[in-house]
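Close look at the chain arrangement
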Amino acid sequence: MLFNSYPFVLLFLPTVLAGYFWLGRRSNLAPVIWLALGSITFYAIGGWQFVVLLLLSIAFNYGIGHLLIVAKLGPSGRRAALALGVTGDLLVLGIFKYAGFAAENINALFGTHVAPHILLPVGISFYTFTQIAFLVDAYRGQVAAYALPHYALFVTYFPHLIAGPILHHKDMIPQFERKQSKHPDPHLILCGVIIFAIGLFKKTCLADGIQPLVALAFEARSPSFDQAWLGALAYTFQLYFDFSGYSDMAIGISLMFGIFLPVNFNSPYKATSIVEFWRRWHMTLSQFLRDYLYIPLGGNRRGRVLRYVNLLITMLLGGLWHGAAWTFVIWGALHGAYLCVNHAFNALVPDVPGLLVRPFRIAGAVLTFLAVVVAWVFFRAVSVEWALRVLHAMADPSNIVLGREEIAALVMVAVYAALVWLGPNTQALMGYDHAGRRVGEALRAGRMRPLFLYAASLVLAFGILGIQSHSEFIYFRF
């Protein structure tokens, strides 16, 4: 089921909300079970054949976690339990996500014709990473014993289940345990509706609106210089509004239940370096890769060379996490190389003279954006050959068409660029403070009414009217 669908907006969400708060008047546990069942129903509507796998994954990880938290195992037993849990998770992820990719490469190398037909369970990357973090923290002694309904809800919580953000048990389960979140808070519900409306508008009007221009580069066999650039930029902005729209909707829906989700997206194209970009783009994935991959590999504790090796490994695996294809591997490798260059530059030029700070920041922002656009070409292309074809066209200014269609596309891309660089992001607009559990304080104080509410209503109306029958989020396939 999609957030941007009429059944979700008009039926599923109101029903689950009403049941949650009705049960919250009678019990602290029943709403948790209700919400978990609602989340599993949400998942089943989009992929019922994978529900059993999801439930088995929850049971398996909860059982391993129980061994690590409650059972009095010795050090070797704890290591064995963790190894069993992580290996089991990665094995399932590997079979469902990478078996086809492995077979494809084996066929190419040995001329065989192995062709496994395995469907990719929706959301498997997100709920697998979420639970691996739980097991590692349980092994480290950083997890309290959680009740099964709360753990199941933590994994299945429908605002994040399909496309993130990647949640952390220490952030989410205590919120599920709070009695206060079981009672409707008009302020949080209003803020949730506004944030959801902004996200819906981004998805249905902005991301879907610019999507046709992407074909200029990625569906033309020989794009010209301007077509390749316009198509690549269109995809760059489509992905931006698609992902940030989803993130806003997830946060808005969760706020209606009184639950604060972590911020996952913070105007990444305003970054002045690639290091800053990764602190703003898919923030929860960046934190996961840092805490559970880069630091365990050694991080920056073993010298500069190994630091760069660790960065490259982390980003290569991060690329592969996004998809089982060489285009994603190259995308990850490019970002790993960008990060190494960025850190090397910072080491060589630790301080910039005061007069040059602003020019440096502007140059850094332009260079970062161009580097990101180049990497997105691999991210979007159906093959490495196709990506190279687009990049070749982008580097050949002798071949320019610039007809009526291209001029119209140029105007549209310019408008999107202005929105991205000049507009505030949603959390700034709404004063969303995940750590402080605050949102919309200006709204609460009456400083933003009524004009702001009129604008929000208009955005919601446009967002609902813009709903299309088939408009999946790009991150659904990860």
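Residues numbered from 1 in each chain as written. Predicted model: local features only at pLDDT ≥ 70, side-chain atom pairs only at ≥ 80, totals over all residues. Heavy atoms only, no water.

Some thoughts on the nonpolar core
For clarity, the cut-off: Nine residue types can take part in a nonpolar core, namely buried Ala, Val, Leu, Ile, Met, Phe, Trp, Tyr and Cys, and a core is a set of them joined through side-chain atoms within 4.5 Å. Exposure categories follow from relative accessible area, calculated using a 1.4 Å probe and restricted to protein chains: below 20% of the type maximum is buried, above 50% is exposed, and the middle band is partly exposed. Only DSSP runs of H or I reaching four residues or more are called helices, and only runs of E reaching two or more are called strands; each is numbered from the N terminus. Residue contacts are counted whenever heavy atoms from the two residues lie within 4.5 Å of one another.
Counting residues in hydrophobic clusters, the biggest one holds 89 residues, and the most contacted among them are Phe3, Phe8, Tyr157, Phe158 and Phe257. For this core, the leading source of residues is helix α5 (residues 124-139), giving 10 residues. When neighbours within four sequence positions are excluded, Phe158 is seen to be in contact with Phe3, Phe8, Phe12, Leu13, Val16, Leu35, Ser39, Phe42, Ile253 and Phe257. One finds Leu213, Ala217, Val373 and Trp376 within the second-largest nonpolar core, a separate group that totals 59 residues.

Regarding the packing of helix α16 (residues 357-380) against helix α17 (residues 384-394)
Here is the rule we go by: Axes here refer to lines fitted to C-alpha atoms; in helices the fit is confined to the stretch in contact. Angles between the N-to-C directions go from 0 to 180 degrees. In this classification, Asp, Glu, Lys and Arg are treated as charged, Ala, Val, Leu, Ile, Met, Phe, Trp, Tyr, Cys and Pro as nonpolar, and every other residue, Gly included, as polar.
Running from amino to carboxyl end, α16 crosses α17 at an angle of 145 degrees, the nearest separation of the two axes being 8 Å. Contacts between α16 and α17 pair Val373, Val374, Val377 and Phe378 from the former with Val384, Ala387, Leu388, Val390, Leu391 and Met394 from the latter. Within the contact of α16 with α17, the residues separate by chemical class into 10 nonpolar, no polar and no charged.

A word on the packing of aromatic side chains
Remark: the centre distance and the inter-plane angle together describe each pair of aromatic rings, the angle taken between the planes. Going by this rule: Ring geometry is summarised as follows: Phe, Tyr and Trp rings, the Trp one being its six-membered ring, pair when their centres sit within 6.5 Å, and such pairs are stacked at plane angles under 30 degrees, edge-to-face over 60 and tilted between the two. Comment: the charge-over-ring label is applied if NZ (Lys) or CZ (Arg) is within 6 Å of the ring centre and within 35 degrees of the ring normal.
Tallied over the entire structure, the rule returns 47 aromatic pairs. An angle of 45 degrees between the planes, with centres 5.5 Å apart, marks the rings of Tyr62 and Tyr151 as tilted. One end of the pair, Tyr62, is in helix α3 (residues 51-69); the other, Tyr151, is in helix α6 (residues 148-156), with 89 residues separating them in the sequence. Ring centres 6.1 Å apart and planes at 65 degrees place the aromatic pair Phe218 and Tyr235 in the edge-to-face group. Remark: Tyr235 occurs in helix α11 (residues 225-256) and Phe218 occurs in helix α10 (residues 215-218); sequence separation between them is 17 residues. You'll find Phe218 and Tyr235 in the same group, each marked buried. A cation over a ring is seen here: Lys97 above Trp321, with NZ or CZ 5.4 Å from the ring centre. Against the face of Trp386 rests Arg389, its NZ or CZ located 4.5 Å from the ring centre.

What about the environment of Ala220?
As for its position among the elements, Ala220 is in the loop between α10 and α11. Once residues within four sequence positions are removed from consideration, Ala220 is found in contact with Ala215 and Trp386.

Some thoughts on the pattern of salt bridges
Put simply, the test is: We define a salt bridge as a side-chain nitrogen of Lys or Arg found within 4 Å of a carboxyl oxygen belonging to Asp or Glu.
Overall, the coordinates contain 9 salt bridges when judged by the stated rule. Between Asp291 and Arg290 there is a salt bridge, with its nearest N and O atoms 2.8 Å apart. The exposure class of Arg290 is partly exposed, given its relative accessible area of 41%. Connected through shared salt-bridge partners, Lys203, Asp208 and Asp242 make up one network.

Notes on the packing of helix α15 (residues 326-348) against α16
Here is the rule we go by: When an angle is under 35 degrees it counts as roughly parallel; over 145 it counts as roughly antiparallel; between 65 and 115 it counts as roughly perpendicular; any other value is oblique. Left-handed describes a crossing whose near helix is turned anticlockwise from the far helix through less than a right angle; right-handed describes the clockwise counterpart.
Where α15 meets α16, the axes come as close as 8 Å, and the angle between the chain directions of the two elements is 160 degrees. When the interaxial angle is binned, α15 and α16 end up roughly antiparallel. The interaxial crossing formed by α15 with α16 has right-handed handedness. Residues Thr327, Phe328, Ile330, Trp331, Leu334, His335, Tyr338 and Phe345 of α15 form the contact with α16, whose own contacting residues are Phe360, Ala371, Val372, Val374, Ala375, Trp376, Phe378 and Phe379. Partitioning the contact of α15 with α16 into residue classes produces 14 nonpolar, 2 polar and no charged.

Remarks on helix α18 (residues 404-422)
Filter applied, for reference: Given the number of residues in a helix, its expected span is that number minus one, multiplied by 1.5 Å. This arc corresponds to the set of directions leading from the helix axis out to the C-beta atoms.
Its 19 residues give α18 an end-to-end C-alpha distance of 27 Å, which sits within 8% of 27 Å, the value for a rise of 1.5 Å per residue. All of the buried residues in α18 are Glu406, Ala409, Val413, Tyr416, Ala417 and Val420. Seen end-on, α18 carries its buried residues on one side only, within an arc spanning 105 degrees. Facing away from the buried surface of α18 by more than 90 degrees, the exposed residues are Arg404, Val411 and Leu422. Where α18 is buried, its residues contact α9 (186-210), α10 and α11.

Some thoughts on helix α2 (residues 30-47)
The end-to-end C-alpha distance of α2, which contains 18 residues, comes to 25 Å, matching closely the 26 Å that a straight helix rising 1.5 Å per residue would cover. When we look at burial in α2, the residues that qualify are Pro31, Val32, Leu35, Ala36, Gly38, Ser39, Ile40, Phe42, Tyr43 and Gly47.

Notes on a nonpolar patch on the surface
The criterion, for reference: The residues that make up patches have over 30% relative accessible area and no salt bridge, and they are joined within 9 Å when like-charged or within 5 Å when they are Val, Leu, Ile, Met, Phe, Trp or Tyr. The Shrake-Rupley method, run with a 1.4 Å probe, gives the accessible areas here. Residue values count only the displayed protein chains as cover.
A cluster of nonpolar side chains, namely Ile400, Leu402, Ile407, Leu410, Val411, Val415 and Leu419, defines an oily patch on the protein surface of about 610 Å² accessible area. Within the secondary structure, Val411 sits in helix α18.

So far we have only geometry, and geometry alone does not tell us how the molecule works.
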